[in-house]
Amino acid sequence: MRVVLDTNIFFSSFYWAGNPRKVFDRITKGLDELFITDEILNEIVSVMEKKKYKVNKNEINEYIKIIESYSIKIISKNIPEVSRDIDDNKILQCAVDGNCDFIITGDEDLLVLREYNNIKIIKPREYLELFFN
């Protein structure tokens, strides 16, 4: 499958076990193709740099390298204004530009859309259930 992960999924997959980690594991095993943009990477860095997470710069750089090593980077040109949270629009556009099948997120601002341009928007648990049930 061709997928885009929202920032919250990256962060959760790196620091905690659970469904977000299982989704990222599918990517590292070559079962799914991950699409990403510089804008998404920048948002990941921005979130990880917040003091409440206590992540040092070296950890952030290593994590970004890991993400990039398993990603297909694309350049989004026309970011739509679709989501009620403007920061989520880059996720939608990346999925469109990457001709993706799924956006995987825990963000209600995206989940409420359920689908965008025939791209399903679902939680990690729902995504995993597609392959294990």
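So, here's what we can say about the structure.

Conventions and cut-offs
- Residues numbered from 1 in each chain as written.
- Predicted model: local features only at pLDDT ≥ 70, side-chain atom pairs only at ≥ 80, totals over all residues.
- Heavy atoms only, no water.
- Helix = DSSP H or I, 4+ residues; strand = E, 2+ residues; numbered from the N terminus.
- Rg over C-alpha atoms; globule rule 2.2 N^0.38 Å.
- Buried < 20%, exposed > 50% of the residue type's maximum accessible area, 1.4 Å probe, protein only.
- Areas by Shrake-Rupley, 256 points an atom, 1.4 Å probe, with all protein chains shown as cover.
- Lys, Arg positive; Asp, Glu negative; His and termini not counted.
- Charge placed at Lys NZ, Arg CZ, Asp CG, Glu CD.
- Axes fitted to C-alpha atoms, helices over the stretch in contact; angles between N-to-C directions.
- Parallel < 35°, antiparallel > 145°, perpendicular 65-115°, else oblique.
- Left-handed = near helix turned anticlockwise from the far one by under 90°.
- Contact = heavy atoms within 4.5 Å.
- Nonpolar A, V, L, I, M, F, W, Y, C, P; charged D, E, K, R; others polar.
- Core = buried A, V, L, I, M, F, W, Y, C linked by side-chain atoms within 4.5 Å.
- Patch = residues over 30% accessible without salt bridge, like charges linked within 9 Å, V, L, I, M, F, W, Y side chains within 5 Å.
- Salt bridge = Lys/Arg side-chain N within 4 Å of Asp/Glu carboxyl O.

## A look at the overall build of the protein
Here comes step 1: The helix and strand tally for the protein stands at 7 helices and 6 strands.
Here comes step 2: Taking 2.2 N^0.38 as the reference for a compact globule, 133 residues should give roughly 14 Å; the C-alpha atoms of the protein span a radius of gyration of 14 Å, in line with that estimate.
Here comes step 3: When its C-alpha atoms are laid out on the principal axes, the protein stretches across 40 × 35 × 25 Å.
Here comes step 4: Sorting the 133 residues of the protein into buried and exposed places 46% on the buried side.
Here comes step 5: A total of about 7,400 Å² of accessible surface is found on the protein, and carbon and sulfur atoms cover 47% of it.
Here comes step 6: With 19 positive and 23 negative side-chain charges, the protein shows a separation of 5 Å between the mean positions of the two kinds.

## What about the packing of helix α1 (residues 7-15) against helix α3 (residues 38-48)?
A pair of packed helices can be characterised by two numbers: the angle between their axes and the separation between those axes.
Here comes step 1: With their axes 9 Å apart at the nearest point, α1 and α3 run at an angle of 55 degrees to one another. Relative to α3, α1 is oriented oblique. Of the two possible hands of crossing, α1 and α3 adopt the one that is right-handed. Listed contacts from α3 to Thr7, Phe10, Phe11, Phe14 and Tyr15 of α1 are Ile40, Glu43, Ile44, Val47 and Met48.
Here comes step 2: Residue composition of the contact of α1 with α3, by class: 8 nonpolar, 1 polar and 1 charged.

## Things to note about the nonpolar core
Here comes step 1: Counting 40 residues, the largest nonpolar core has Val4, Leu5, Phe10, Ile44 and Ile67 as the members making the most contacts within it.
Here comes step 2: Broken down by element, the residue count for this core peaks at 6 residues, all from α3.
Here comes step 3: Apart from residues no more than four positions distant in its own chain, Ile44 is found in contact with Thr7, Phe10, Ile36, Tyr63, Ile64 and Ile67.

## With respect to a nonpolar patch on the surface
Here comes step 1: Taken together, the side chains of Met1, Leu130, Phe131 and Phe132 make up a nonpolar region of the molecular surface, amounting to roughly 410 Å² of accessible area.
Here comes step 2: Locating Met1 in the fold gives a position in the segment before β1 (2-5).

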